[in-house]
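Tertiary structure, described
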Amino acid sequence: MDHNIMHSNGYSQSEMHPYACIGKRLHEERLRLGLNQADFGAIAGVKRNAQLNYEAGKRAPDAGYLSAIAEAGADVQYILTGQQHAESIRREIAAKLEGMSASSTHVSIRRHEEDLVHLPLYDARIAAGAGSHNGAEEIIDMIAFRKDWMSRRQISSADAVLARISGKSMARTISDGDMVMIDTSQKVLPVRQNLKDGLAPIYALLDDGEARAKRLWRPSEDLLMLTSDNPEFGQEDKSVADVTVIGRVVWWGHTERV
């Protein structure tokens, strides 16, 4: 039977030096600190050959050497006993978490951006009331929406625009200053003699050149009925020829003001 069993450090059981375990852990700590043998030895005031002997387990480092490398960040408790110091464990975990966090955050941001579409917010007011006159509207911001949310609602980003509401005629649903999304592809109102759920959809429209937001119902080919959610505002009847539909209001966002 061969008793000359090889160990992971390269020495056989019969040839193992008395301080081999200490040397192995010293080697690990030096690599963890990112230093070569000459530079690590210089920290403790020893030559490269002495450092080589310590790591090979041929000699045991003295107290002065251990004190010097401890100040450089080496875990002396681990080197001597194989048990990591709590602070070393904390640093190791923190370093790993930091690396993971930086990598995952970068990937998360990239993936998050890929999931979004940015829609233009125009410097325009859609009146929930008598009407607002807007000139040449400018884009004042770009607001992000999730692509999957848009897709579920069958809204194309090419057709969607954002504006703000002014007035109180839609106050039970949309408040003064709220942002609305308008799907400009939905301009044609079908003729419906009856409303199934009792409420007509909300549309943005131009009435005599002024932008308004109202519930629109087309009970006949030539007639449009404009209704408000605020009971203080009455129903209006308009000729289809007198109204230009901008698009259907498909979303609105309300912010509490303090």
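Keep in mind the model is a prediction, meaning the values are calculated, not measured.

Looking now at the overall build of the protein. Along the backbone of the protein there are seven helices and nine strands. By the burial criterion, 34% of the 258 residues in the protein qualify as buried. Within the protein, contacts between residues separated by at least 24 positions form 59% of all contacts whose residues are at least 6 apart in sequence.

Here Asp39 shows up in helix H2 (residues 37–43). Judged by its relative accessible area of 43%, Asp39 falls in the partly exposed class.

Most peptide bonds adopt trans geometry, and most residues besides glycine take a negative phi value. Backbone geometry places Gln154, a non-glycine residue, at a positive phi of 55°. Mapped onto the elements, Gln154 comes out in the loop between helix H7 (147–152) and strand E3 (160–166). Note on Gln154: relative accessible area 72%, which makes it exposed. A positive phi angle, near 55°, is found at Asp208, a position not held by glycine. Within the secondary structure layout, Asp208 lies in the loop between strand E5 (202–207) and strand E6 (210–217).

On to the pairing of E3, then. Of all seven residues in E3, six are buried, a share of seventy percent or more. Here strand E1 (residues 116–127) pairs with E3 via four bridges, running parallel. In the strand pairing of E3, Leu121 is matched with Leu162. With five bridges joining them, E3 and strand E4 (residues 179–183) adopt antiparallel strand pairing. Following the sheet pairing, Leu162 is matched in E4 by Met181.

A separate point is the packing of helix H1 (residues 20–32) against helix H3 (residues 48–56). Between H1 and H3, the least distance of the axes is 6 Å, while the angle of their chain directions is 120°. Classified by the angle between their axes, H1 and H3 sit oblique to one another. Taking contact as the criterion, the partners of Gly23, Lys24, Leu26, His27 and Arg30 in H1 are, on H3, Gln51, Tyr54 and Glu55. Here the contact of H1 with H3 is composed, by residue class, of two nonpolar, three polar and three charged.

Our focus in this paragraph is the environment of Arg146. As for its placement among the helices and strands, Arg146 is situated in strand E2 (residues 139–146). Sequence separation between Arg146 and Asp115 is 31 residues, and the spatial gap between their C-alpha atoms is 5.9 Å. Leave out the neighbours within four places in its chain, and Arg146 touches Asp115 and Leu116.

Let us now look at the packing of aromatic side chains. Within this structure, the stated rule accounts for three aromatic pairs. For the pair Tyr54 and Tyr65, a centre-to-centre distance of 4.7 Å together with 65° between the ring planes defines the contact as edge-to-face. Taken as a pair, Tyr54 in helix H3 and Tyr65 in helix H4 (residues 63–71) lie far apart in primary sequence, 11 residues in all. Note on accessibility: Tyr54 and Tyr65 belong to one class, buried. One aromatic cluster is present, built from ring pairs that chain together Phe145, Trp149 and Trp251.

If you check which residues of H4 are buried, you get Tyr65, Leu66, Ala68 and Ile69. On an axial view of H4, the arc spanned by its buried residues comes to 165°, and they lie on one face. Along H4, exposed side chains directed more than 90 degrees from the buried face belong to Ala63 and Glu71. At its buried positions, H4 is contacted by H1, H2, H3 and helix H5 (76–81). A positive phi of about 110° marks Gly73, the residue just after H4.

What counts, and where the lines are drawn
Residues numbered from 1 in each chain as written. Predicted model: local features only at pLDDT ≥ 70, side-chain atom pairs only at ≥ 80, totals over all residues. Heavy atoms only, no water. Helix = DSSP H or I, 4+ residues; strand = E, 2+ residues; numbered from the N terminus. Buried < 20%, exposed > 50% of the residue type's maximum accessible area, 1.4 Å probe, protein only. Contact = heavy atoms within 4.5 Å. Pairing = 2+ DSSP bridges. Axes fitted to C-alpha atoms, helices over the stretch in contact; angles between N-to-C directions. Parallel < 35°, antiparallel > 145°, perpendicular 65-115°, else oblique. Nonpolar A, V, L, I, M, F, W, Y, C, P; charged D, E, K, R; others polar. Phe/Tyr/Trp six-rings, centres within 6.5 Å; stacked < 30°, edge-to-face > 60°. Arc of directions from axis to C-beta.

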